[in-house]
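Per-entry structural report
The residues making up each chain are set out below.
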Amino acid sequence: RGRGWLVNVGDLVVIDEEGTNQVVSRVSNVGQLIREGYYRLQGWNEYRIVARGNHVVHYLNGYPTIELIDRDAQDRLREGILALQIHTGPPMIVEFKDIRIKHLNDNYGEAQLLFNGQNLDGWTYSSPRLGETWSVVNGVLSNGGSPSGYIRTTRDYTNYVLRLQMRHLTDGNSGVLLRKVGEDKVWPRSVESQGQRGNMGDMWNIDKFPMEVDPDRTEGRRTSKMHPSNERPLGEWNEYEIYLNQGDLRVYVNGLLQNRAREVWETPGKICLQSEGARLEYRNIVLIPIQN
């Protein structure tokens, strides 16, 4: 008796202020994952649900199944009971175990899509030459890797969770720049979450950006990731989630915390996507602001 079916498996949906559902992207090819055995039709599966404000994402065995941005303030609920369902139909047995909950203490604002899947509204090039390498094809942001530079948001952001999916079509380098300040140049003052193939989760300090990192994992400007690479095979989508709140920076690759920094300079800055040699695609770029 509520709003009915909100999101089909595999979709990213935005529900607008009037309650209209719009599929804006895909989060996974569920049929392929079932065929390859990542979703187990028999035996134990691990289900993880993350709810931050008006943003919800579901994972099954580490792979996203749905993502939802709910802007319908009149009909949505931000809290409620948890229920374990057995559906109508033929006789069946369902088993659950290891049920855990983690309360998130941050005050999350309204989630927003930074990339609308249609054009580069809200973004600009670090140099006019970058127009040669960035394009939008079939709802995906594509980068040819050359010339070097970046696209960046036209707005500044300070405290947030940044989520995106990216996949390498070739080996090579790229990255996500955080709290970029100052003039556009190669490369601007910022913190880089590394996007190089095989090194996602590393962090680079650009132009002496104030921050504290683990000295045992740091050589020069590079702070290596905490664990061996957990990237998926070439051509498959990886999920980057970056938590940046005041001085706390955490970098997650496919759900695994791979890096962390403290005392990061809290300043408004741009978010940038690098063009640095690799052919890459991006989708589902979502920002969830943190209100302190």
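A few points on the structure. (Residues numbered from 1 in each chain as written. Predicted model: local features only at pLDDT ≥ 70, side-chain atom pairs only at ≥ 80, totals over all residues. Heavy atoms only, no water.)

Some remarks on the sheet that holds strand 4 (residues 55-60)
Pairing is mixed in the open sheet, where 5 strands are placed in the order 2-1-5-4-3. Two strands close off the open sheet at either side, each with one partner strand: strand 2 (21-26) and strand 3 (47-52). If you compare each strand with its neighbour and ignore which way they point, the axes differ by 15° on average. The pairing of strand 1 (residues 11-15) with strand 5 (residues 63-70) spans 4 bridges and is parallel. (Pairing = 2+ DSSP bridges. Helix = DSSP H or I, 4+ residues; strand = E, 2+ residues; numbered from the N terminus. Axes fitted to C-alpha atoms, helices over the stretch in contact; angles between N-to-C directions.)

Some thoughts on the pattern of salt bridges
In total, this model carries 21 salt bridges according to the counting rule given. We note a salt bridge from Asp11 to Arg26, for which the minimum N-O separation is 2.5 Å. Placement of the pair is Asp11 in strand 1 and Arg26 in strand 2, with a sequence separation of 15 residues. Judged by relative accessible area, Asp11 falls into the buried class, the value being 8%. The class for Arg26 is partly exposed, based on a relative accessible area of 38%. Among the salt bridges present, the one from Arg167 reaches Glu281, with a minimum N-O distance of 2.7 Å. (Salt bridge = Lys/Arg side-chain N within 4 Å of Asp/Glu carboxyl O. Buried < 20%, exposed > 50% of the residue type's maximum accessible area, 1.4 Å probe, protein only.)

So, the side chain of Thr133
Within the fold, Thr133 resides in the loop between strand 7 (123-125) and strand 8 (134-137). Among the residues examined, Thr133 registers a relative accessible area of 7% and is labelled buried. Of note is the side chain of Thr133, whose polar atom sits 3.1 Å from the backbone nitrogen of Gly145. Residues contacting Thr133, with those up to four places away along its chain left out, are Ser142, Asn143, Gly144, Gly145, Ser146, Pro147 and Ser275. (Polar contact = N/O pair within 3.5 Å; in protein donor to acceptor, adjacent residues only side chain to side chain. Contact = heavy atoms within 4.5 Å.)

Overview of the nonpolar core
In this structure, Leu162, Leu249, Leu273 and Ile285 are the most contacted members of the largest nonpolar core, which totals 35 residues. Elements with a contribution of two residues or more to this core: strand 11 (160-168), strand 12 (175-181), strand 17 (238-245), strand 18 (248-253), strand 20 (270-275) and strand 21 (280-289). Leaving out residues up to four positions away in the same chain, Leu249 has contacts with Leu178, Val191, Met203, Ile242, Tyr243, Leu244, Asn259, Arg260, Ala261 and Val264. Judged by nonpolar contacts, the second largest core, of 11 residues, contains Ala111, Val161, Tyr243 and Val286. (Core = buried A, V, L, I, M, F, W, Y, C linked by side-chain atoms within 4.5 Å.)

So, unusual backbone geometry
With an omega of 5°, the peptide bond running from Ser146 to Pro147 counts as cis. Checked against the element boundaries, Pro147 lands in the loop between strand 9 (140-143) and strand 10 (149-153). Val186 connects to Trp187 through a cis peptide bond whose omega is 0°. Here Trp187 shows up in the loop between strand 12 and strand 13 (189-194). Even without being glycine, Arg179 reaches a positive phi, approximately 50°. Its location among the elements puts Arg179 in strand 12. Overall, Arg179 belongs to the buried group, its relative accessible area being 1%.

Re the packing of aromatic side chains
Tallying each qualifying case throughout the model produces 3 aromatic pairs. Between Trp134 and Tyr282, the ring centres sit 6.1 Å apart and the planes meet at 35°, which makes this aromatic pair tilted. With Trp134 in strand 8 and Tyr282 in strand 21, this residue pair connects regions lying 148 residues apart in the sequence. Centroid distance Phe209 to Trp265: 5.3 Å. Interplanar angle 45°. Geometry classified as tilted. Taken together, the positions of Phe209 in the loop between strand 14 (203-206) and strand 15 (218-219) and Trp265 in the loop between strand 19 (256-261) and strand 20 put the pair 56 residues apart, joining distant regions of the chain. Since its relative accessible area comes to 32%, Trp265 is described here as partly exposed. (Phe/Tyr/Trp six-rings, centres within 6.5 Å; stacked < 30°, edge-to-face > 60°.)

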